[in-house]
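# Residue-level structure breakdown
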Amino acid sequence: MGYVAPRMERTLGAGRGLPAPGLQGSVASLSIREREVFELVVAGYTNQRISSELFISVKTVETHRTRINKKLRVHSTVELLRLAALHGLVSA
């Protein structure tokens, strides 16, 4: 997997489904798999690459991304990245 900012690792609870402190319940509301997809999207992975990394179909990745966008109330990848940046979940 690509580089993940240390704060992202803490927020994602290292895949253990731990709540993310101080994130308005947004990222904390994601399932473990949705958080994995979120992390990879923020890292710049394509749907195809996410599919390969997580051993799931591209259609499943698309479904997770749709659910992530709905839960986080964003409408595009740009908005998703902006949300991650606002919460310090990405690094330069």
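Data block above holds the structure.
Residues numbered from 1 in each chain as written. Predicted model: local features only at pLDDT ≥ 70, side-chain atom pairs only at ≥ 80, totals over all residues. Heavy atoms only, no water.

## Brief notes about the nonpolar core
- Phe38, Ile50, Ile68, Leu72 and Leu80 are the most contacted members of the largest nonpolar core, which totals 19 residues.
- For this core, the elements supplying multiple residues, two or more each, are helix H2 (32-42), helix H3 (47-54), helix H4 (58-72) and helix H5 (77-86).
- It is H2 that provides the largest number of residues to this core, a total of 5 residues.
- Excluding residues that lie within four positions of it along the chain, leucine 80 makes contacts with Phe38, Val41, Ile68, Asn69, Leu72 and Val74. (Core = buried A, V, L, I, M, F, W, Y, C linked by side-chain atoms within 4.5 Å. Buried < 20%, exposed > 50% of the residue type's maximum accessible area, 1.4 Å probe, protein only. Helix = DSSP H or I, 4+ residues; strand = E, 2+ residues; numbered from the N terminus. Contact = heavy atoms within 4.5 Å.)

## Quick notes on H5
- Within the sequence span of H5, burial applies to Leu80, Leu83 and Ala84. When H5 is viewed along its axis, its buried side chains cluster within an angular range of 100 degrees and face the same direction. Among the exposed residues of H5, those oriented more than 90 degrees off its buried face are Val78, Arg82 and Leu86.
- Tucked inside the fold, the buried residues of H5 contact H2 and H4.
- Looking one or two places after H5, you find glycine 88, whose phi comes out positive at around 70 degrees. (Arc of directions from axis to C-beta.)

Note that all results are geometric; they support no functional claim without further evidence.
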